[in-house]
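# Close look at the chain arrangement
For reference, the chains in residue letters:
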Amino acid sequence: MAAVRGSPKPWKVQAVEEIKKIFTTHPVFALVSFRGVPSGQMQKIRREFRDFATLKVTKNTLIEKAVKSLGGDYEKILEFLGDQVAIVATELNPFKLYKKLEETKVPSPLKPGQVSPVDVVVEKGPTSFPPGPVIGDLQAGGIPAAIEKGKIVIKETVTVVKAGEVVRPEVARALEMLEIKPVKVGLDVRMVYENGLIFTPDMLAIDTEKITEDFANAYRNAINLAVNAAYVTPETAEILIAKAVMDARNLAINAVIFERDVIEDLLLRAHSEMLALASHLSEDAIDDELKSMLSQSVSAEEKVEEKEGEEKEKEEEKEEEEEEKEEEAIEGLGALFG
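Buried residues of helix H2 (residues 39–49): Gln-41, Met-42, Ile-45 and Phe-49, and no others. Burial along H2 is one-sided: seen end-on, the buried residues are contained in an arc of 100 degrees. Considering only its buried residues, H2 is in contact with strand S2 (53–57), strand S3 (85–90), helix H4 (94–102), strand S4 (106–108) and strand S10 (183–185).

Quick look at the structure:
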């Protein structure tokens, strides 16, 4: 049967229906650019995404037809079409999907003729190259290289290419020799769609570590506020009870209230104050028992001071030994390298 002139080709109709099915059967999907992604990397991404997402590379015109056929909120994504686009559909929420997509990016060198998206700065310092033709290649790329102590070194920090500039072949070669990979290549998110809402990369790019730290700080501050305000919650009840016990104990001791739980502390405190007072009296004014107590008290204090002194001496000796070992190691390295 001959095709009707002007009617769409069957494969295009099938492709549009497949795209519509992807959009309507997944709560979340993204449009991503894959320009510059090598085929090997793309295959690797497909394998890694197989368990949690559907990845489909298709033409912008087919996506546009599918979107216009669906209508409604789906038409919001039309402004994000363009370039080489793929669809990634999933059950993950937009933030988790964005994180997965960002993880596909790997460091990559700049290519000759490519427009650099960033400033590329080469820091001064030594390289691993011995003297040879490499120095000429580095200098041709605008890198101030020289020979020092049998090695090629970069004499000063220099910006070899600025953002928006076309990368010269000489620069690309020099950066590749230095293993400088200033750009990341992978799936670049244009937008993520969820239930009629559009999320752009700036909305999804959050610092999870900082957010986690902020939550932890907020929790600590809330606990401190609740404890200081004596606000009882399941999280603060134990702390408040412990604080109340401690405050009551301190009050009973300072007010000399004779209660079972503090009587031992009161006796110890009274004994200590008695010894302190007796130490100011002459020997004629105290009996032998009190003299013995004072002697034992002084002896105990001396032992504590003696022990602290011994521990301090041991620490100092240990520090001296470590310093001597470091000096010996440095002298050994000096002898080894001349």
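This part is about a positive patch on the surface. A cluster of basic residues, Lys-9, Lys-12, Lys-59 and Lys-65, forms a positive patch on the protein surface. Relative to the helices and strands, Lys-65 is located in helix H3 (residues 60–70).

What follows deals with the pattern of salt bridges. Under the criterion given, the structure shown has 15 salt bridges. In this structure, Glu-102 engages Lys-105 in a salt bridge whose closest nitrogen and oxygen atoms are separated by 3.1 Å. Residue class for Lys-105 comes out buried when judged on its relative accessible area of 19%. One network of salt bridges, in which partners are shared, links Glu-102, Lys-105 and Asp-188.

Rolled over the atoms, a probe with the dimensions of a water molecule shows which regions are left empty. Approximately 450 Å³ is the volume attributed to the largest pocket. Lining the largest pocket are 19 residues; nearest its centre among them are Arg-35, Gly-36, Lys-184, Val-185 and Gly-186. No other element matches the 3 residues that S10 contributes to the lining of the largest pocket. The residue inventory of the lining of the largest pocket, partitioned by class, reads 7 nonpolar, 6 polar and 6 charged.

Another point: the side chain of Thr-58. Within the secondary structure, Thr-58 sits in the loop between S2 and H3. Residues contacting Thr-58, with those up to four places away along its chain left out, are Ile-19, Ile-63, Val-85 and Ile-87.

How each quantity is defined
Residues numbered from 1 in each chain as written. Predicted model: local features only at pLDDT ≥ 70, side-chain atom pairs only at ≥ 80, totals over all residues. Heavy atoms only, no water. Buried < 20%, exposed > 50% of the residue type's maximum accessible area, 1.4 Å probe, protein only. Helix = DSSP H or I, 4+ residues; strand = E, 2+ residues; numbered from the N terminus. Arc of directions from axis to C-beta. Contact = heavy atoms within 4.5 Å. Patch = residues over 30% accessible without salt bridge, like charges linked within 9 Å, V, L, I, M, F, W, Y side chains within 5 Å. Areas by Shrake-Rupley, 256 points an atom, 1.4 Å probe, with all protein chains shown as cover. Salt bridge = Lys/Arg side-chain N within 4 Å of Asp/Glu carboxyl O. Lys, Arg positive; Asp, Glu negative; His and termini not counted. Charge placed at Lys NZ, Arg CZ, Asp CG, Glu CD. 1 Å grid on protein atoms, 1.4 Å probe; cavity = no way out; pocket = protein on both sides within 12 Å on 5 of 7 lines; lining within 4 Å. Points joined across faces, edges and corners; volume = space filled by probe spheres on them. Nonpolar A, V, L, I, M, F, W, Y, C, P; charged D, E, K, R; others polar.

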